[in-house]
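This is what each chain is made of:
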Amino acid sequence: MNIWGYSEEALAKRGALHTATEICKQPLVWQSVYNSIVASRDQIRSFMDHVLSHEPLQIILTGAGSSAFIGLSLHGTFARNFGNCISSIATTDLVTHPQNYFSAGRPVLLISFSRSGDSPESVAAVSLADQVCSKVFHLIITCDATGKLANLATLSEKYVFVLPPEANDQSLAMTSSYSGMLLAGLLIARLSEIDLLSGQMGILNTYAIKLLDHYANDLRQMADLDFRRAVFLGSGPLYGTATESHLKLQELTDGKIICKNDTFLGFRHGPRAVINPKTLLFYLFSNQAYVAHYEHDLADSIKMNGKALYEAGLMETRNRQPHLDKEFVLTDNDSQLEEDFMPVCCIIPAQMLGFFKSLELGLTPDSPSLSGAISRVVKGVVIYPFSQKA
């Protein structure tokens, strides 16, 4: 096996084999996730139909760290398809202030995303929902059938969807676990049209392979640049991708690269002050023409100032020349991928950039934290009893 010019032996020696493999196998993971959702559609539909019959329903998309960012990309999909009160709230917020988010007066569907299912906050959020809500349902989407979430005892009705085993990343930084759970959530939200979405799966696979193969050298060269800050910008569902992208690069470089994320319009309101000659800017352009007007205006504005070290952009089609240092174009044809699906493949460049930058800095991508400050499953979190009278 050879990945991006590295032999399996060389990758193993540099502590990079798991991460490289897990980034590259994502198209296969996505197809397995799709097949698994199709095979389980009757059970999922039965559970969701039962849950949705309870009105007025509150739906909360949750998780910790990367798993929390999945909800940022799925919020619009769930809102359009279910029309209920939809929120994306991290378990780290639910645990400290459950009374601010859970309601005793309306039924709640808590959709939990977790790679291992062992995050203390993720387990606690489920228990707190049971405690605070008069009626709660749990949809658990996880990569580990042996994890605590998948096997959690609860009196509330629940459905557990476990991704195929190949989605359970072994590296510290989530890659295929993240995109696999994101896709699973998207497909569940659009279960009524699952057969029609097979065409979108094909396009998704094509785009991923182009990023993984055609643009690998460009991302390797970008990683060799002397940047110390990186900013990722995205709008709508791609805001979730920008958020995960900033964490991915920061994790894989052990915090040596300080990263930030924002929306294109939000970045104008003060945060653009972080740009200096050591800053890499990465734009995640929408494939919606209306949205892209705002995004290209910002890119043009930043280019006029000329302060950034390097500006790159990922776009489905080249429908306007933003004058960037590097453009990652997914197709030479007209736009083909629905906006809902863009976040699934658009995370790949940040994963690869983080991988290459980790190697460039002399780190081991599979376990880049030299101090042990971060780990595959967070440690040291004590869960305290919650009293609604406190």
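Counting starts from 1 at the beginning of each chain's written sequence and moves along it residue by residue. Given that this is a predicted model, residues contribute local features only at a pLDDT of at least 70 and side-chain atom pairs are listed and counted only at 80 or more, while totals for whole chains, interfaces and linings are drawn from all residues. As a rule here, side-chain values cover all heavy atoms of the structure and leave hydrogens and water aside.

Caption draft 1: A look at the nonpolar core. Buried Ala, Val, Leu, Ile, Met, Phe, Trp, Tyr and Cys residues form a nonpolar core when they are joined through side-chain atoms within 4.5 Å. Accessibility here uses a 1.4 Å probe with only protein chains present; expressed as a share of the type maximum, an area under 20% marks a residue as buried, one over 50% as exposed, and anything in between as partly exposed. Within the largest apolar cluster, 110 residues are counted, with the highest numbers of intra-cluster contacts made by Trp4, Trp30, Leu109, Ile141, Leu183 and Phe355. Put simply, DSSP marks the helices as runs of H or I at least four residues long and the strands as runs of E at least two long, and each gets a number from the N terminus on. Among the elements that line this core, the one with the most residues is helix 8 (residues 176–189), at 9 residues. The next biggest cluster of nonpolar side chains, apart from the first, holds 17 residues, and it includes Val123, Val132, Leu149 and Leu152.

Caption draft 2: Quick peek at unusual backbone geometry. Look at the link from Glu55 to Pro56: it is a cis peptide, with omega at -5 degrees. Along the polypeptide, Pro56 turns up in the loop between helix 4 (41–52) and strand 3 (58–62). With phi around 55 degrees, Trp4 is a residue other than glycine that occupies positive phi space. Following the sequence through the fold, Trp4 ends up in the loop between strand 1 (2–3) and strand 2 (6–7). Of note, Asp254 is a non-glycine position whose phi angle comes to about 55 degrees, a positive value.

Caption draft 3: Quick look at the sheet that holds strand 5 (residues 108–114). What makes two strands pair is DSSP finding at least two bridges between them. Read across the sheet, 5 strands follow the order 4-3-5-6-7 without closing on themselves; strand pairing throughout is parallel. Pairing within the sheet leaves two strands with one partner each, and these edge strands are strand 4 (85–88) and strand 7 (157–162). Neighbour to neighbour, the strand axes of the sheet diverge by 15 degrees on average, direction disregarded. With 7 bridges joining them, strand 5 and strand 6 (residues 136–142) adopt parallel strand pairing. Of the residues in strand 6, the one forming a bridge with Ile111 is Leu139. Each axis is a line fitted through C-alpha atoms, taken for helices only over the stretch in contact, and angles between the N-to-C directions span 0 to 180 degrees.

Caption draft 4: Local environment of the sheet that holds strand 10 (residues 279–284). On the basis of which strands lie adjacent, the open sheet formed by 5 strands has the order 9-8-10-11-12 and parallel pairing. Of all the strands in the sheet, just strand 9 (258–262) and strand 12 (326–329) have a single pairing partner and so form its edges. In this sheet, adjacent strand axes meet at a mean angle of 15 degrees when their direction is disregarded. Pairing analysis gives 5 bridges linking strand 10 to strand 11 (residues 310–315), with the strands arranged parallel.

Caption draft 5: The arrangement of the packing of helix 10 (residues 216–223) against helix 15 (residues 348–360) in detail. Packing of helix 10 against helix 15 brings their axes to within 8 Å, and their N-to-C directions diverge by 50 degrees. In terms of orientation, helix 10 lies oblique with respect to helix 15. Crossing of helix 10 against helix 15: the hand is right-handed. Residues Ala216, Leu219, Arg220, Met222 and Ala223 of helix 10 form the contact with helix 15, whose participating residues are Pro349, Met352, Leu353, Phe356, Lys357 and Glu360. An angle below 35 degrees is treated as roughly parallel, one above 145 as roughly antiparallel, one from 65 to 115 as roughly perpendicular, and anything else as oblique. Left-handed describes a crossing in which the near helix is turned anticlockwise from the far one by less than a right angle; the clockwise case is right-handed. Between two residues, a contact is recorded if the distance between any of their heavy atoms is within 4.5 Å.

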